[in-house]
Amino acid sequence: MVVQEDVALAQVERVLNSAALRNAEVLRRLLRFLAEKSLAGEADQLKEYSVGIDALGKPESYDPRQDSVVRIQIGRLRHKLSDYYLTEGKDDPIILDLPKGHFKLNWQPRAVPAAPEPAVFIAPLKPAREAIEHGWTWSQVAAMAVLGLWALAATMILWKEHSGNAPFREAWTAELQELWRPFLESNRQLILATSAPLFIGFQGRGFYRDQTLNRWEDVLVSPRVQAIRRALDNPPMEPRYYYTGSGEMSAALQLGKLLNFTGLKISTVRSSQLSWQQMVDNNILFIGAPRVFGDQYHKLPVDVDLVMRDDGVHDLKAKSGAMDFYADNYPLIRATESPGASDDGEIYAMVSHTPGVQGSGDVLTFASNHSPGVLAAVQWFTHPVFAKEIATRLRKPSGEVARYYQVLLKVKYRDAVPTEISWITHRQVEPVRAPDGRK
């Protein structure tokens, strides 16, 4: 079905004025440019160079081979469109799409889903007079009428839930079902624990963060902290857990949106507040750098081959001749060589599925030393295309997907946004203690 030009333009304006793009002027300019070229039939002739010059204002010396800004901004725009149609635009009549590998926008009318079959079926009620003639009492007629109203109400509620969750149900694939099955089939509540690193609060003077200091007792004996405190005229110090990274925040939001319709009972907690009792009683999702989570993460009953440390990922059981260390490379490491460097780099992310602290329950960890890596790890386990690759690689000869595993990913990012994610390796994980049989 062809969408009329005025309808297409109206949809573009709707997206441009959405919260998703309201403060993203570069993406707004890019979307408007691509829309104009697409409607004029000129998008198929666009080249990366011309998009950089005409849409992004690059100089004529711009070289796409040396500067990937067009590819990065196109990827961001595609991601924003996806987010828009999962939130604000979930009821829009027109779907605006930017296929991968192309500069041409597509407009498609949203398919109207068929109304679901009623979930509650009852025999048709007899008219009251006929029912009385066949020996029914008025109380029986009234009871059946109330039952009919309940059935109607239940059907309407189910229909509303079905309609509101349609975008998420459409994104849910068989492979995502396999990867998340241990959590979906469990009767345990799911706790999403997001890293909240330890900051040192100098009363009235601000906050200080040292990545090597993640326990208050270490802060109190740190010469560096004492030197800073003296320079500030010795203000009182307090532990503070106010902040988390933008990648962790986006990752938690993405997980919440995907898992919301599944019926899982999900609660959130910051890493500093996660207790051992919660670890014993619940399934856990860890999001963030392992150094922040303390004993609750590091004392799980498993022996693992891949270990994330502050400098990268170490393979403790690498085969002869194989890499045994995967080093992160991002601005914090290069700061002394290149002051003021932009937040671009190549890092590693790790996804680990292990049993809980008593050998029962499930713990799934999305980890990286740098915030963009955390978001990239979650993207792989919530996107249908990536989930298919994960399930294929983790599938055992029996046809089942391994229950416990570690997955190592390499993440390239620009301006703190993941732009390329690639699979490096994976390992199956064996529990040290067998599960006690509880779900």
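Higher on the page you've got the structure.
Here's what I pulled together on the structure shown here. (Residues numbered from 1 in each chain as written. Predicted model: local features only at pLDDT ≥ 70, side-chain atom pairs only at ≥ 80, totals over all residues. Heavy atoms only, no water.)

### A look at the overall build of the chain
Which entries qualify depends on this criterion: In DSSP terms, a helix is any run of H or I states spanning at least four residues, a strand is any run of E spanning at least two, and both are numbered starting from the N terminus. The buried label applies to any residue whose accessible area, calculated with a 1.4 Å probe on protein chains only, is under 20% of its type's maximum; exposed applies above 50%, and partly exposed to all values in between. Contact between two residues is taken to exist if any of their heavy atoms lie within 4.5 Å; hydrogens are not considered. Under the convention used here, a 1.4 Å probe and the Shrake-Rupley method define accessible areas, while residue burial counts only the protein chains that appear.
Scanning the chain from N- to C-terminus turns up 16 helices and 15 strands. Across the 439 residues that make up the chain, the buried fraction comes to 42%. Of all intrachain contacts in the chain linking residues separated by at least 6 positions in sequence, the fraction that spans at least 24 positions is 62%. For the chain, the accessible area works out to roughly 23700 Å², and carbon and sulfur atoms hold 53% of it.

### What to know about the sheet that holds strand 15 (residues 417–428)
How we decide: Pairs of strands are assigned from DSSP output, requiring at least two bridges between the strands. Throughout, an axis means a line fitted to C-alpha atoms (over the contacting stretch in the case of helices), and angles, computed between N-to-C directions, take values from 0 to 180 degrees.
Read from one edge of the open sheet, seven strands run 7-3-8-13-12-14-15, paired in mixed fashion. The strands lining the two open edges of the sheet, one partner per strand, are strand 7 (266–270) and strand 15. On average, each strand axis in the sheet is tilted by 15 degrees relative to the strand beside it, whichever way the strands run. Pairing of strand 14 (residues 405–414) with strand 15 involves 10 bridges; the strand directions are antiparallel.

### Regarding the pairing of strand 10 (residues 312–315)
Sheet analysis places strand 9 (residues 306–309) next to strand 10, joined by four bridges and oriented antiparallel. Following the sheet pairing, leucine 306 is matched in strand 10 by aspartate 315. The turn linking strand 9 back onto strand 10 is made up of two residues. As defined by bridge partners, strand 10 adjoins strand 11 (residues 325–327) across three bridges and the pair is classed as antiparallel.

### Considerations on the side chain of arginine 188
Rule in force here: Each polar contact in these results corresponds to two N or O atoms within 3.5 Å; when the atoms are within protein, one needs to be able to donate a hydrogen and the other to accept it, and residues that are neighboring in sequence are counted only if both atoms are side-chain atoms.
Position of arginine 188 relative to the elements: it lies in the loop between helix 8 (174–184) and strand 3 (190–194). Using a relative accessible area of 8% as the deciding quantity, one classes arginine 188 as buried. Here asparagine 282 takes part through its backbone oxygen, which lies 3.4 Å from a polar atom of the side chain of arginine 188.

### Some words on the nonpolar core
Under the convention used in this document: Residue types Ala, Val, Leu, Ile, Met, Phe, Trp, Tyr and Cys, when buried and joined through side-chain atoms within 4.5 Å, form a set referred to as a nonpolar core.
Membership of the largest hydrophobic core comes to 40 residues, with the highest contact counts inside it found for Trp180, Leu285, Phe366 and Phe381. Element by element, the count of residues in this core is highest for helix 15 (residues 371–380), at six residues. Among residues more than four places away in sequence, those in contact with phenylalanine 381 are Leu176, Leu179, Trp180, Leu258, Val351, Phe366, Ile390, Tyr405 and Val407.

### Topic: a nonpolar patch on the surface
This is how the line gets drawn: Each patch is built from residues that are more than 30% exposed by relative accessible area and take part in no salt bridge. Like charges join if they lie within 9 Å; nonpolar side chains (Val, Leu, Ile, Met, Phe, Trp, Tyr) join within 5 Å. Definition used for salt bridges: Asp or Glu carboxyl oxygen within 4 Å of a side-chain nitrogen of Lys or Arg.
Taken together, Phe207, Tyr242 and Tyr243 make up a surface patch of nonpolar side chains, about 330 Å² in accessible area. Summarising the element assignment, tyrosine 242 is placed in the loop between strand 6 (237–240) and helix 11 (246–259).

### Comments concerning helix 4 (residues 69–86)
Threshold: Expected span, for any helix, means 1.5 Å times one less than how many residues it has.
Compared with the 26 Å implied by 1.5 Å per residue over 18 residues, the 26 Å span of helix 4 between its first and last C-alpha is a close match. Buried within helix 4 we find Val69, Val70, Ile72, Gln73, Ile74, Arg76, Leu77, Leu81, Tyr84 and Tyr85.

### Quick word on the packing of helix 1 (residues 5–16) against helix 2 (residues 25–39)
Heads up, the condition is: Put simply, angles under 35 degrees are roughly parallel, angles over 145 are roughly antiparallel, angles from 65 to 115 are roughly perpendicular, and the rest are oblique. Here the nonpolar group is Ala, Val, Leu, Ile, Met, Phe, Trp, Tyr, Cys and Pro; Asp, Glu, Lys and Arg are the charged ones; every other residue, Gly included, is treated as polar.
It is at 10 Å that the axes of helix 1 and helix 2 come closest, and there the two elements cross at 170 degrees. As far as their axial angle goes, helix 2 and helix 1 are roughly antiparallel. In this structure, helix 1 uses Glu5, Ala8, Leu9, Val12, Glu13, Val15 and Leu16 to contact helix 2, whose residues at the interface are Arg28, Leu31, Arg32, Ala35 and Leu39. For the contact of helix 1 with helix 2, the class distribution of residues is eight nonpolar, no polar and four charged.

### Remarks on helix 8
Where we set the bar: By construction, the arc corresponds to the directions joining the helix axis to the C-beta atoms.
Among the residues of helix 8, those classed as buried are Leu176, Leu179, Trp180, Pro182 and Phe183. Each buried residue of helix 8 lies within a common arc of 135 degrees when the element is viewed along its axis, so the set occupies one face.

### Section: the sheet that holds strand 4 (residues 199–202)
A sheet is described by the order of its strands in space; here three strands give the open sequence 5-4-6, paired in antiparallel fashion. The sheet is open, and its two edges are formed by strand 5 (206–208) and strand 6, each paired on a single side. Adjacent strand axes in the sheet meet at a mean angle of 35 degrees, parallel and antiparallel pairs treated alike. Relative to strand 6, strand 4 runs antiparallel, the two sharing four bridges.

### Quick word on the environment of isoleucine 72
Assignment of secondary structure puts isoleucine 72 in helix 4. Isoleucine 72 sits in the buried class, given a relative accessible area of 9%. Through-space distance from the C-alpha of isoleucine 72 to that of threonine 419 is 6.5 Å; in sequence the pair is 347 residues apart. Not counting residues within four places of it along the chain, the set of residues in contact with isoleucine 72 comprises Arg414 and Thr419.

Take it as geometry only, folks, not as evidence of what the structure does.
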